[in-house]
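Descriptive structure summary
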Amino acid sequence: MSFLNNFSLEGKIALVTGASYGIGFAIASAYAEAGATIVFNDIKQELVDKGLAAYAEKGIKAHGYVCDVTNEEQVNELVKKVEEEVGVIDILVNNAGITNDKLMIKMKPEEFTKVIDVNLNGAFYMTKAISALMIKQRSGSIISMSSVSGLKGNPAQVNYSASKAGLVGMTLSAAKELGRRGIRVNGIAPGFVETDMTAVLTDEQKSHAAENISMQRLGQPQDIANTALYLASDLSTYV
Ligand code: NAP
């Protein structure tokens, strides 16, 4: 049997947060193609329905739930429901995220806190709840979506950069806590990726951004999905 069979996610259950569209949708679709059962959440039923229809169009039978990741109670309820209705989660992708760009001197405290709530606290609630189950199984893969903004900073993004830098710290510490229990914890820190989140950029801003990227183009959701597939699969058992 070829070692490439280790790319298979056959029999695994993957929860990708905020995956009705964008990068999360591309990641979940790649996982489904590799054989995984897909579970995703979004804040509103209409977005869950939109996601379910988009998956169905690709021939994927996904399980969609309404859950706001900023609400720990809702997160715990979701994890319990998924375990009862679908099974034990093997792969978690903390993908749900928002921006609210503004120069720092104009940023209200609640505009700072909201971004931290979704991007960092939400990932903490999910990771905490799901790793407790993974510890019992002595296996699992947890992936969080950080950003270049969290590594290098970006003007008008003190809230977003802080949340994404926080995710780097959380990922590194959780990896050290959980690695010895058979659970791998990793992060992905993309630059600009073409999704709704970056649709506000002008063509000029996009080509300027592309000049600073080795590949001389913005990322596509599939580029990130490829990395996320590697990190979820048994090809990355030592990562
Ligand atoms: P997107 O198109 O805006 O999708 C984000 C998803 O998160 C949406 O489905 C959104 O649902 C969901 N979400 C937001 N708040 C939520 C909450 N409280 N609870 C549950 N779900 C929630 O973003 P994207 O570009 O695909 O980005 C995905 C991830 O990659 C994010 O963490 C982002 O920070 C990160 N990232 C993106 C880029 C980029 O250039 N695009 C670069 C680096 C990192 P609603 O529609 O309901 O808001």
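As the structure is a computational prediction, the values presented were derived from the model and not from experiment.

**Overview of the site of the ligand**
- In the vicinity of the ligand, 29 residues are found, and the nearest of them are Tyr 21, Asp 42, Tyr 160, Val 193 and Thr 195.
- At a separation of 2.6 Å, an oxygen atom of the ligand approaches a polar side-chain atom of Asp 42.
- Taking Asn 95, its main chain carries an N or O atom lying 2.7 Å from an oxygen atom of the ligand.
- Elements that contribute at least two residues to the shell around the ligand include exactly α1 (22-33), β2 (37-42) and α6 (158-178).
- Grouping the constituent residues of the shell around the ligand by class yields 15 nonpolar, 11 polar and three charged.

**Side note on the environment of Gly 97**
- Structurally, Gly 97 is set in the loop between β4 (91-94) and α4 (109-137).
- Distance in space between the C-alpha atoms of Gly 97 and Thr 17 is 8.9 Å, their sequence separation being 80 residues.
- Once you skip the residues sitting within four places of it in the chain, Gly 97 turns out to touch Val 118, Asn 119 and Met 197.

**A closer look at the sheet that holds strand β6 (residues 183-188)**
- Ordered by their spatial adjacency, six strands build an open sheet running β3-β2-β1-β4-β5-β6, and the pairing between neighbours is parallel. At either margin of the open sheet sits one strand with a lone partner, and together these are β3 (63-66) and β6. When strand polarity is set aside, the average angle formed by the axes of neighbouring strands in this sheet is 15 degrees.
- Judged from the five bridges that link them, strand β1 (residues 13-17) and β2 form a sheet pairing that is parallel. Each residue of the ladder has a partner; that of Ala 14, found in β2, is Ile 38.
- Sitting on the sheet, α6 touches β5 (140-145) and β6, and the angle it makes with β6 is about 160 degrees.
- On top of the sheet, helix α8 (residues 221-232) reaches β4, β5 and β6; it is set at about 165 degrees to β6, its chief contact.

The rules behind each value
- Residues take numbers from 1 onward in each chain, read along the sequence in its written order.
- Totals for whole chains, interfaces and linings use all residues, but because this is a predicted model, local features are given only for residues with pLDDT of at least 70 and pairs of side-chain atoms are given and counted only at 80 or more.
- Side-chain calculation: all heavy atoms of the structure are included, whereas hydrogens and water are not.
- Any residue with at least one heavy atom within 4 Å of a molecule or strand is counted as near it.
- Under this definition, polar contacts are N or O atom pairs within 3.5 Å; protein pairs additionally need one hydrogen-donor-capable and one acceptor-capable atom, and for neighbouring residues in sequence, both atoms have to be side-chain atoms.
- A helix here means a DSSP run of H or I that spans at least four residues, while a strand means a run of E at least two residues long, and both kinds are numbered starting from the N terminus.
- Side-chain classes follow a simple rule in which Ala, Val, Leu, Ile, Met, Phe, Trp, Tyr, Cys and Pro form the nonpolar group, Asp, Glu, Lys and Arg form the charged group, and the remainder, Gly included, forms the polar group.
- The contact criterion used throughout is that any non-hydrogen atoms of two residues lie within 4.5 Å.
- Two strands are counted as paired when DSSP detects at least two bridges linking them.
- To define axes, lines are fitted to C-alpha atoms, for helices over the stretch in contact only, and angles between the resulting N-to-C directions are given on a 0 to 180 degree scale.

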